Amino acid sequence: MSICPKNKSSKGRRDRRRANWKMTAPNLVKCSKCGALMMPHRVCKACGSYNKKEILANAE
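If you're wondering where the values come from, they're calculated on a predicted model, not measured in any experiment. (Residues numbered from 1 in each chain as written. Predicted model: local features only at pLDDT ≥ 70, side-chain atom pairs only at ≥ 80, totals over all residues. Heavy atoms only, no water.)

## Focus on the environment of A36
Inference 1: Considering the arrangement of structural elements, one finds A36 in the loop between strand 1 (29–30) and strand 2 (37–38).
Inference 2: On a C-alpha basis, the gap between A36 and W21 in space is 30 Å, while along the polypeptide they are 15 residues apart.
Inference 3: Leaving out residues up to four positions away in the same chain, A36 has contacts with V29, K30, C31, C44 and A46. (Helix = DSSP H or I, 4+ residues; strand = E, 2+ residues; numbered from the N terminus. Contact = heavy atoms within 4.5 Å.)

Put into structure tokens, the structure is as follows:
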């Protein structure tokens with residue numbers, strides 16, 4: 001026994017369902033120490049600091 005749709009889905013209904021698969025741009029904030037763009041709540045790749053504290057000593 002297989003599962004089959006009872007009625008045909010229209011192109012509009014099908015395309016409306018598929019319209020929510022778009023990607024969003026990453027949210028970037030400025031580092032409080034060096035001013036480089038970084039993702040929030042992560043260590044800065046430019047200076048190696050997080051929340052104005054140095055986490056990575058040699059991030060150069």
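There's more to say after this.
## Brief notes about the environment of S2
Inference 1: Mapped onto the fold, S2 is located in the segment before helix 1 (11–18).
Inference 2: For S2 and N51, which are 49 residues apart along the polypeptide, the C-alpha to C-alpha distance reads 56 Å.

## Side note on the side chain of S49
Inference 1: With respect to the element layout, S49 can be found in strand 3 (residues 49–50).
Inference 2: With a relative accessible area of 2%, S49 lands in the buried category. (Buried < 20%, exposed > 50% of the residue type's maximum accessible area, 1.4 Å probe, protein only.)

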